[in-house]
Structure formats: C-alpha cells, structure tokens
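Descriptive analysis of the structure
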Amino acid sequence: MAFQARLPILWQEISRCKRVSFSGNCGLPIEMQRVEANMVKEAVLLLPASVPVITIHDSIVTTLEHVPLVTQAIKQAFPESKTGITPALSEKKKRLTVA
C-alpha cells in the first residue's frame, strides 16, 4: 500500500501490465532496469576520471574518500524532478547503494 500511495502512476502501469499479461511481464521490468542502468551510468559519467568506481546492479562501489563525490553524482543523476522520488542511499562498509 505504501508503494501505491507513493508512486500511484507507476502502480497503475504495473497493475495494467499484470492484467495484460498472465506472467505479469509486459516489458515493464526490463524497461525499468534499463532506465535505472542509464541513470547509474549518468552518475558515473559525472565523476572525475580519477574516482575509482565499480557498478554492481544498483550499487556503485568506491573508496571511502570518494563516497561524498559519488553521493553527489547519484543525487544529480536521480533528481526528484525527473524520478518523482529522492534516492535512498546507504553506505555499507565501502559501498554506497542506490535503493
């Protein structure tokens, strides 16, 4: 219910997909992954070439000293005005995860 309340348009599209396709796969999951991957790529491209990063699914791995730069790049690549949400970021040891 929280998802539906927070992102009603996306909820409607997911519900429509499930009605259209018995498997629930009308291409939306792949499209959502593509959009997220492009936004992560955009965040990485905003970083100076000297910042070491590795992307793993929805995570960007970097050194502790570069976490602030990566955080800033993610916020620029995932603006609330474009996505409708503010990215939830968390640090795990030396990993900053986009959630």
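A quick note: this is a predicted structure, and the numbers were derived from the prediction, not measured.

Here the focus is the overall build of the chain. Summing up its helical and strand segments, the chain has 5 helices and 4 strands in all. For the chain, the α and β elements follow one another from N to C terminus as α-α-α-β-β-α-α-β-β. The buried share of the chain, reckoned over its 99 residues, is 24%. A fraction of 39% describes how many contacts in the chain between residues 6 or more apart in sequence connect residues 24 or more apart. A total accessible area of about 7000 Å² is found for the chain, and carbon and sulfur atoms account for 60% of it.

Let's shift gears to the layout of surface pockets. The space that makes up the largest pocket amounts to roughly 600 Å³. Taken together, 20 residues form the lining of the largest pocket, with L10, M32, V35, T83 and I85 sitting closest to its centre. No other element matches helix 3 (residues 28-46), which puts 7 residues into the lining of the largest pocket. Considering only residue class, the lining of the largest pocket consists of 14 nonpolar, 3 polar and 3 charged.

Residue position: H66 is located in the loop between strand 2 (59-62) and helix 4 (67-77). The class for H66 is buried, based on a relative accessible area of 14%.

It is worth spelling out the environment of D58 at this point. By the element assignment, D58 lies in the loop between strand 1 (53-56) and strand 2. Sequence-wise, D58 and E36 are 22 residues apart; in three dimensions their C-alpha atoms are separated by 7.9 Å.

What follows concerns the packing of helix 3 against helix 4. To describe two helices that pack against each other, one gives the angle between their axes and the distance between the axes. It is at 8 Å that the axes of helix 3 and helix 4 come closest, and there the two elements cross at 130°. By the angle between their directions, the pair helix 3 and helix 4 is classed as oblique. The way helix 3 lies across helix 4 gives a crossing that is right-handed. Note on element contacts: helix 4 touches helix 3 through A73, I74, Q76 and A77, opposite M39, E42, A43 and L46. In terms of residue class, the contact of helix 3 with helix 4 is made up of 6 nonpolar, 1 polar and 1 charged.

What counts, and at which threshold
Residues numbered from 1 in each chain as written. Predicted model: local features only at pLDDT ≥ 70, side-chain atom pairs only at ≥ 80, totals over all residues. Heavy atoms only, no water. Helix = DSSP H or I, 4+ residues; strand = E, 2+ residues; numbered from the N terminus. Buried < 20%, exposed > 50% of the residue type's maximum accessible area, 1.4 Å probe, protein only. Contact = heavy atoms within 4.5 Å. Areas by Shrake-Rupley, 256 points an atom, 1.4 Å probe, with all protein chains shown as cover. 1 Å grid on protein atoms, 1.4 Å probe; cavity = no way out; pocket = protein on both sides within 12 Å on 5 of 7 lines; lining within 4 Å. Points joined across faces, edges and corners; volume = space filled by probe spheres on them. Nonpolar A, V, L, I, M, F, W, Y, C, P; charged D, E, K, R; others polar. Axes fitted to C-alpha atoms, helices over the stretch in contact; angles between N-to-C directions. Parallel < 35°, antiparallel > 145°, perpendicular 65-115°, else oblique. Left-handed = near helix turned anticlockwise from the far one by under 90°.

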